Number of protein chains: 2
Amino acid sequence: MTYQIGIGPNNRKSVYFDATVADGVACFSVYNHMFIPAHFGDPDAEYDSLMNGVAIWDVAAQRQVEIVGPDAAKLVQYITTRDITKTKVGQGRYVPICDHAGNLINDPVLLMLAPDRFWLSIADSDIALWASAIAAERGMNVRVFEPDVSPLAIQGPKAEAVTADLFGDWVKDLKYFGFKQTQLQDIPLVLARSGWSKQGGFELYLQDGARGSDLWNIVKTAGAPYGIRPGAPNDLERIESGLVSYGADGRLQTNPCNPFEISLGKLVDFDAEAGFVGKAALRKIKDEGPARLRAGFLLSGTAEENCAHQLDIKTSDSRVVGLLSDFIYSPRFDRNIGVGMISTANDYDRQDLMIVQDGASRKVTVTDLPFTKEKVP
Amino acid sequence: MTYQIGIGPNNRKSVYFDATVADGVACFSVYNHMFIPAHFGDPDAEYDSLMNGVAIWDVAAQRQVEIVGPDAAKLVQYITTRDITKTKVGQGRYVPICDHAGNLINDPVLLMLAPDRFWLSIADSDIALWASAIAAERGMNVRVFEPDVSPLAIQGPKAEAVTADLFGDWVKDLKYFGFKQTQLQDIPLVLARSGWSKQGGFELYLQDGARGSDLWNIVKTAGAPYGIRPGAPNDLERIESGLVSYGADGRLQTNPCNPFEISLGKLVDFDAEAGFVGKAALRKIKDEGPARLRAGFLLSGTAEENCAHQLDIKTSDSRVVGLLSDFIYSPRFDRNIGVGMISTANDYDRQDLMIVQDGASRKVTVTDLPFTKEKVP
């Protein structure tokens, strides 16, 4: 079943909206109160360009929360679980943000633009509200706001060639999450080696919302010799690669997760000198050991074309031992594959589980992530 | 132009999702990270049922933030601009929530369920994050969370008759925003006289997510003799009535507004004994007087079928003096009408303004809200 989306002012248009419409966007979702392309009408070709060529994605909905001022580093340290004291200007960091009970409420990439200026490149929750509440209540001398910054992603094995053609060979020296303030023609932007796929690539953090269509078209033109194709963050690839999606896999309101449950435990730095939100709760969670862990799942049955919503994973005698948060048919593995959570208890058979969707059941077996040819024979 | 919506796990399904699909929902939007019906394929008939009959709406995306515990009343008072000390159990209150700079960040209805238990029935922003950050940082003894509560609206002039048939004649005595804990057959819910229209009606705050389809169908059956019809919060009616939409008319990230700008100044109680977030900033804003105010607009030209996005309102010599946040063709007034903000300065002609949309200009004149036959001759 397909449904229309209401394009009204309640959700924002991306600065690339007009460009994606001109290029035939067919389907949108909403992320951080902004329309984000979901596909351009040919999911197979879009997946192929990401895996074997190069894709251009409007990811402006990955909004930035800017934290600037004398207490900026202090606030950033306080609201993330990582020790950021050794982070340098030009380095990015994947930083879980937890609430006071240790539940993940976002998993942004932190960009340190200056010693007193940071961006949090956020997943889908209102971290500007969270950070500004904490800053104000702690009397910190800092400004928290959403700047005019709109990421555009170039992803896939040929992304580096396209980006080097655009900016020069220096981009090849950028480390993962490394970034640089630069410009393209006269368009100001931050160029980072990053992106929400495991196929490699860059994100162009456009700093002038009036230039969205210009930037989109410059990248498209540069990518043409490489067969660049408009696409969108790809659910199939992210499941194959085991990437976490805050929102799909967990959300405070639907499936609260702590970092130890979802393979982000090594990003909790208890030894950091400064305290951080959730530290005491996370210490207790770590000491007790998580009752469930993130895992991959192989599912029997016919191809699932549409993403599902969260489903309980049960034993053959209907005991709930896990949660399937997302699954999809993978042509690469010729199998339905999914991600979610599974109990760490050892009183059940991990090879004999099931889900029930719309009255039909599928057999489920547990595997670790990412999916590989060895694990999915 | 119409586009598909991606129905995936990143946004939640309402507990009424299956029922709305069975009844032919055609278009969705996303609100509070949840899919919300936008229409069922016949906007004219849906508008008519709201204005002259009765409509059933899935408004589960109007999520509840529950605040419970010894410090609940203290937290609620601190995060809203109204004096709630005289609020009684069973009373609802429309309560602006501002940030520390006095910007509106939500405009929920507050329901006092018990002296130490409240719901905030929120517009589209993560108030659970906001409220829990403040509670934790202030060391308040309170729990903030999203309960299993999903409002279903019955709206329109015949809504009272349907609701009385379902619950009994006592519902006629409910005052506006008044509510009562009750049940329908064996389904637990809170019944309130409320809803996001000016046509009157009730909201059923379902308290058991497993019973969504049951409740939808019970209401539909009771409404059948009155010609009840599935619909959705109606953009045309809300513009005609001048209802504020946090998100469409203003949003912290796109068009930060304070209560004095958008006709909510009388809901800021400076005399309240306890302080509240934004009090000092709002005092300053009030003393200086707002530089712009909420207004209605009449627009020339052909009928606008789709909601627009925010557009600058300019004088004939291209000076920006306002912002049109939403507009639509009103068959009732046979005119394009809109809402937005206009400068309080008196150095321009309020009857000779313009917007430019997709290269075409429309003449704009200012009026006050709501729209009436006298104002729109």
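Residues numbered from 1 in each chain as written. Chains lettered and ligands numbered in written order. Predicted model: local features only at pLDDT ≥ 70, side-chain atom pairs only at ≥ 80, totals over all residues. Heavy atoms only, no water.

As named in an unreviewed UniProt entry, chain A is Aminomethyltransferase, taken from Sulfitobacter marinus.

What follows deals with the overall build of chain A. Along the backbone of chain A there are eight helices and 22 strands. When the 377 residues of chain A are sorted by exposure, 61% land in the buried category. Of the contacts made within chain A by residues no fewer than 6 positions apart, 65% connect residues no fewer than 24 positions apart. Across chain A, the mean location of the 38 positive side-chain charges is 4 Å away from that of the 48 negative side-chain charges. (Helix = DSSP H or I, 4+ residues; strand = E, 2+ residues; numbered from the N terminus. Buried < 20%, exposed > 50% of the residue type's maximum accessible area, 1.4 Å probe, protein only. Contact = heavy atoms within 4.5 Å. Lys, Arg positive; Asp, Glu negative; His and termini not counted. Charge placed at Lys NZ, Arg CZ, Asp CG, Glu CD.)

In this section: the packing of aromatic side chains. Residue and element names in this part refer to chain B. Under the defined criterion, the tally for this structure stands at 20 aromatic pairs over all chains. Each ring, one from Phe17 and one from Phe28, has its centre 5.2 Å from the other, and the planes form 10°; the classification is stacked. Separated by 11 residues along the polypeptide, Phe17 in helix α1 (residues 17–22) and Phe28 in strand β2 (residues 27–31) bring together distant segments of the chain. Among the residues examined, Phe17 registers a relative accessible area of 7% and is labelled buried. Under the relative-accessibility criterion, Phe28 is labelled buried at 1%. Plain terms: the ring middles of Phe167 and Trp170 are 6.3 Å apart, the flat faces sit at 80° to each other, and that makes the pair edge-to-face. (Phe/Tyr/Trp six-rings, centres within 6.5 Å; stacked < 30°, edge-to-face > 60°.)

A few words now on the sheet that holds strand β19 (residues 320–330) of chain A. All names here are of chain A. Spatial strand order, β17-β20-β19-β18-β21-β22: six strands in a closed barrel with antiparallel pairing. Each strand of the sheet is rotated relative to its neighbour by a mean of 40°, with strand direction disregarded. Taken together, the four bridges between strand β18 (residues 311–315) and β19 define a ladder with antiparallel strand orientation. Each bridged residue has a counterpart across the sheet, and for Ile313 the counterpart in β19 is Gly322. (Pairing = 2+ DSSP bridges. Axes fitted to C-alpha atoms, helices over the stretch in contact; angles between N-to-C directions.)

This next bit is on the UniProt feature "domain: GCVT N-terminal" (unreviewed entry) in chain A. Listed under "domain: GCVT N-terminal" (unreviewed entry) in the UniProt record, and renumbered for this structure, are residues 20–271 of chain A. As annotated, residues 20–271 of chain A has a helix share of 24% and a strand share of 27%, and its two end C-alpha atoms lie 46 Å apart. (UniProt positions renumbered as here; feature names shortened; annotations may be inferred.)

Residues and elements named next belong to chain A. Inspection of the secondary structure puts Ile127 in helix α4 (residues 127–137). Residue Ile127 is classed as buried on the basis of its relative accessible area of 0%. Note: C-alpha distance between Ile127 and Glu146 (19 residues apart in sequence) is 10.0 Å.

All names here are of chain A. Ordered by their spatial adjacency, five strands build an open sheet running β6-β9-β10-β5-β11, and the pairing between neighbours is antiparallel. Every interior strand has two partners, whereas the edge strands, β6 (92–94) and β11 (143–145), have only one. If you compare each strand with its neighbour and ignore which way they point, the axes differ by 20° on average. Inspection of the sheet shows β6 paired to strand β9 (residues 109–114) by three bridges, in the antiparallel sense. Bridging across to β9, Arg93 finds its partner in Leu110. Helix-sheet contacts for α4 involve β5 (64–68), β10 (117–121) and β11, and the interaxial angle to β11 is about 165°.

Right, let's get into the interface of chain A and chain B. For an interface, size is often stated in terms of accessible area lost upon the parts coming together. In this complex, chain A contributes 53 residues to the contact, which on the side of chain B involves 53 residues. The interface formed by chain A and chain B includes two salt bridges. Arg138 of chain A serves as the salt-bridge partner of Glu137 of chain B, at 2.5 Å between the closest nitrogen and oxygen. Where chain A meets chain B, there are 31 residue pairs in polar contact (both at pLDDT 80 or more). For the side of chain A that touches chain B, the element with the highest residue contribution is α4 of chain A, accounting for seven residues. Looking at side-chain class alone, the side of chain A that touches chain B contains 26 nonpolar, 18 polar and nine charged residues. (Salt bridge = Lys/Arg side-chain N within 4 Å of Asp/Glu carboxyl O. Polar contact = N/O pair within 3.5 Å; in protein donor to acceptor, adjacent residues only side chain to side chain. Nonpolar A, V, L, I, M, F, W, Y, C, P; charged D, E, K, R; others polar.)

What follows is about the UniProt feature "binding site: substrate" (unreviewed entry) in chain A. Mapped onto the present numbering, the UniProt feature "binding site: substrate" (unreviewed entry) falls at Glu203 of chain A. Filtering out sequence-adjacent residues up to four positions away, Glu203 of chain A remains in contact with Val59, Gln62, Leu152, Ala153, Val190, Leu191, Ala192, Ser194 and Gly195 of chain A.

Residue and element names in this part refer to chain A. As for its position among the elements, Lys279 is in helix α8 (residues 279–288). A relative accessible area of 23% places Lys279 in the partly exposed class. Aside from chain neighbours lying at most four places away, what touches Lys279 is Phe270, Ala272 and Ala274. Looking at Lys279, its side chain comes within polar contact range of the main-chain oxygen of Phe270, at 3.2 Å.

Placing chain A over chain B gives an RMSD of 0.0 Å and needs a rotation angle of 180°, together with 0.0 Å of translation along the axis. Such a turn and shift between the copies fits a two-fold axis. Looking at chain A, 100% of its interface residues are interface residues in chain B too, so the copies touch through the same face. (Least-squares fit on C-alpha atoms with pLDDT ≥ 70 in both.)

Here we take up helix α2 (residues 43–52) of chain B. Among all positions of α2 of chain B, only Ala45, Glu46, Tyr47, Ser49, Leu50 and Met51 of chain B are buried. Buried positions along α2 of chain B lie against β3 (34–39), β4 (55–58), β12 (150–155), β16 (229–231) and α7 (235–241) of chain B.

So, on to the pattern of salt bridges. The final tally for this structure, using the stated rule, is 42 salt bridges over all chains. Across the pair Asp347 of chain A and Arg319 of chain A runs a salt bridge whose closest N-O atoms are separated by 3.5 Å. Of this pair, Asp347 of chain A sits in the loop between β20 (335–343) and β21 (353–357) while Arg319 of chain A sits in the loop between β18 and β19, and the two are 28 residues apart along the sequence. For Asp347 of chain A, a relative accessible area of 49% translates into the label partly exposed. Looking at Arg319 of chain A, the relative accessible area reads 34%, which means it is partly exposed. Between Lys284 of chain B and Glu288 of chain B there is a salt bridge, with its nearest N and O atoms 3.4 Å apart. Here Glu288 of chain B and Lys284 of chain B lie together in helix α8 (residues 279–288), a separation of four residues that amounts to about one turn. Grouping residues by exposure puts Lys284 of chain B and Glu288 of chain B together as exposed. Overlapping salt bridges bring together Asp235, Arg238, Asp249, Arg294 and Asp326 of chain A as one network.

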